[in-house]
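Here are the chains, one letter per residue:
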Amino acid sequence: MKNQSTRDHIDWVTVTLYSLLVLLGWCNIFSSSFPEGEFSFFDLSQFFTKQFVNILLAIPLIIIVLSLDSKVYEKFSVVFYIITLFLLAGLFVFGKTVNGQTNWYAIGGFSLQPAEFAKVGCALALSKFLSDVQVNLRDSARQFQAFGIILLPIILIAPHDPGSALIFTMLILVMYREGLPAWYLWTGFIAIIIFVLCLLFDPIYIIGAAAAIIILTYYRSRIANRNILASASAFVIIVLFTFSVNYVFNDVFQQHHRDRFNILLGKEVDLRGIGYNINQSKIAIGSGGWFGKGFLEGTQTKGGFVPEQHSDYIFTTIGEEWGFLGSLLVIGLFVGLMFRILYLAERQKTKFSRVYGYCVVSILFIHFFVNIAMVLGLFPTIGVPLPMISYGGSSLWGFSILIFIFVKMDANKVNEW
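Residues numbered from 1 in each chain as written. Predicted model: local features only at pLDDT ≥ 70, side-chain atom pairs only at ≥ 80, totals over all residues. Heavy atoms only, no water.

1. Structural notes on helix α16 (residues 351–375)
One turn of an α-helix holds 3.6 residues; hence residues three or four places apart share an orientation. An ideal rise of 1.5 Å per residue puts 36 Å on 25 residues; α16 measures up with 37 Å between its terminal C-alpha atoms. Most of α16 sits inside the fold, with 21 of its 25 residues counted as buried. (Helix = DSSP H or I, 4+ residues; strand = E, 2+ residues; numbered from the N terminus. Expected span 1.5 Å × (residues − 1). Buried < 20%, exposed > 50% of the residue type's maximum accessible area, 1.4 Å probe, protein only.)

Have a look at this one:
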């Protein structure tokens, strides 16, 4: 049977949702950076003009992604992954430092952030590995290999940009979907809780509570299921982790990271210093009410009270000018896009395409969740952009490639057997 044209099977629901988010993003970048007095749309010093150029450049990228055979992405997944690792490693030598972070390559008048493309490379490599018929994530050796794929970009990114490094950890959910034992997720969840509790209380109280819980669990278990060695090992690990929190917080975290955690946990109040962004963000969103103040009418936005409002804090413009209902609309578009990709992923005929679809949703979700939680003051400020909405060429291009590779895979499923 002759292969059918994948052009006729593109999922236009996904494309439409993506396009609406890009359009809404540009409108809010325009509003948040709209200058007073005369201006020109052709002035490349304006953020909305540069983002418009970024959108135009994304179009040929999407065309190239859709024109390539979908098998190319599976066949050369490891090559793409290795290239992105080299690009990340090159930042240590050739990277451009902006605001104390060496995350970019300076290319003419543009800056390129390889971490955004490393998400695509990592998603492809992990999908290739997990789709191998020989891979069983119940096997500890296979688990370490899969974790290694995720860990390598984290190691290269974390020294420059801990926020971007955090994004890769979400791919563990994909591994869980493909058979990773659930105790990994529970361990991570418990570690986060213990870390936060250690910042609020004396470690001795945490250790005492852990000992009580472990002893109670041990004696409430059936005799056949009791394992004193496992219980003792869990207690020792918790004790070591608890005492390591203080070292990590004070000697590994940078001062601005410590300040953000302290403000989030209510241990410090600094409305004029490190806590200024979050405080102004809450004011801007809260002032929008139900229906917002209207496009270009946000007083907080116009007054420039929220720093980086065109990028990481773009959701504050939406909250102020569009109100609760407008914010709900944007959130609905994101949720709709993620559920649509999940729905399509479940319909894929190859495991590689299905797993890649899960990777796309995982990356979109962690960006979406962390960014909005950040501007609402529910999460420390770590510089994670809102996909397709925040200003930035690398971010827009990275997400465009990430999403449209899957669109291509889905369109080609009519030729899969």
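Once you've had a look at it, read on.
2. Describing the sheet that holds strand β2 (residues 101–107)
The strand order across the open sheet formed by three strands is β1-β2-β3, and the pairing between neighbours is antiparallel. Edge positions in the sheet fall to β1 (96–98) and β3 (110–112), since each has one partner strand and no second. The average angle at which neighbouring strand axes cross in this sheet is 55 degrees, direction not considered. Strand direction decides the pairing type here: β1 and β2, joined by three bridges, are antiparallel. Bridging across to β2, threonine 97 finds its partner in threonine 102. Seen against the sheet, helix α4 (residues 77–94) touches β1 and β2 and runs at an angle of roughly 95 degrees to β2. (Pairing = 2+ DSSP bridges. Axes fitted to C-alpha atoms, helices over the stretch in contact; angles between N-to-C directions. Contact = heavy atoms within 4.5 Å.)

3. What about the packing of helix α1 (residues 12–32) against helix α15 (residues 314–346)?
Put simply, α1 and α15 touch, their axes get as near as 10 Å, and they point 160 degrees apart. One finds that α1 runs roughly antiparallel with respect to α15. In terms of crossing hand, the pair formed by α1 and α15 is left-handed. Split by residue class, the contact of α1 with α15 holds 15 nonpolar, six polar and two charged. (Parallel < 35°, antiparallel > 145°, perpendicular 65-115°, else oblique. Left-handed = near helix turned anticlockwise from the far one by under 90°. Nonpolar A, V, L, I, M, F, W, Y, C, P; charged D, E, K, R; others polar.)

4. Re the nonpolar core
Grouped together as the largest cluster of nonpolar side chains are 94 residues, with contacts concentrated most on Tyr356 and Met388. Every residue in contact with methionine 388, bar those within four places of it in the chain, is listed here: Tyr18, Leu21, Val22, Gly25, Phe334, Leu337, Leu364, Leu396, Phe399 and Ile403. In this structure, Leu199, Ile206, Ile214 and Ile238 belong to the second largest nonpolar core, which totals ten residues. (Core = buried A, V, L, I, M, F, W, Y, C linked by side-chain atoms within 4.5 Å.)

5. A closer look at the side chain of threonine 242
Examined against the element boundaries, threonine 242 turns out to sit in helix α11 (residues 228–252). Not counting the four nearest positions on each side in its chain, threonine 242 is found in contact with Ile194, Cys198, Pro203, Ile206 and Ile207.

6. Here we look at the state of the cysteines
Per the counting criterion, the structure on display carries zero disulfides. Not engaged in a disulfide, the cysteine cysteine 122 finds its nearest cysteine sulfur in cysteine 359; these two sulfurs lie 7.6 Å apart. (Disulfide = S-S within 2.5 Å.)

7. Quick look at the environment of glycine 336
Note that glycine 336 resides in helix α15. The spatial distance from the C-alpha of glycine 336 to the C-alpha of leucine 17 is 7.6 Å, given a sequence separation of 319 residues.

8. Section: the side chain of asparagine 103
By the secondary structure assignment, asparagine 103 is in strand β2. Its relative accessible area of 5% is what places asparagine 103 among the buried residues. The contacts of asparagine 103, once residues within four sequence positions are left out, are Leu91, Lys96, Leu112, Gln113, Pro114, His160 and Asp161.

9. Observations regarding helix α10 (residues 203–220)
Look at α10: 26 Å from first C-alpha to last across 18 residues, which is about the 26 Å you get at 1.5 Å a residue. Restricting attention to buried positions, one finds in α10 the residues Ile206, Ile207, Ala210, Ala211 and Ile214. Axial view of α10: buried residues confined to an arc of 135 degrees, hence all on one face. Residues Ile204, Tyr205, Ile213, Leu216, Tyr219 and Arg220 are exposed on α10 and point more than 90 degrees away from its buried face. (Arc of directions from axis to C-beta.)

10. Some thoughts on the pairing of β2
Note: β2 against β3, three bridges, orientation antiparallel. Residue alanine 106 lies in a different strand from β3, and its bridge partner there is serine 111. Taking the residues that link successive antiparallel strands as the turn, the β2-β3 hairpin has two residues, and the phi of glycine 108 there is positive, at about 60 degrees.

11. Considerations on the packing of aromatic side chains
In total, this model carries 13 aromatic pairs according to the counting rule given. Geometrically, the ring pair formed by phenylalanine 365 and phenylalanine 369 is stacked, given 5.8 Å between the ring centres and 20 degrees between the ring planes. Here the residue phenylalanine 365 and the residue phenylalanine 369 both occupy positions in helix α16, the gap between them amounting to four residues, near one helical turn. Aromatic ring contacts, followed pair by pair, group Trp26, Phe30, Phe48, Phe52 and Phe295 into a single cluster. (Phe/Tyr/Trp six-rings, centres within 6.5 Å; stacked < 30°, edge-to-face > 60°.)

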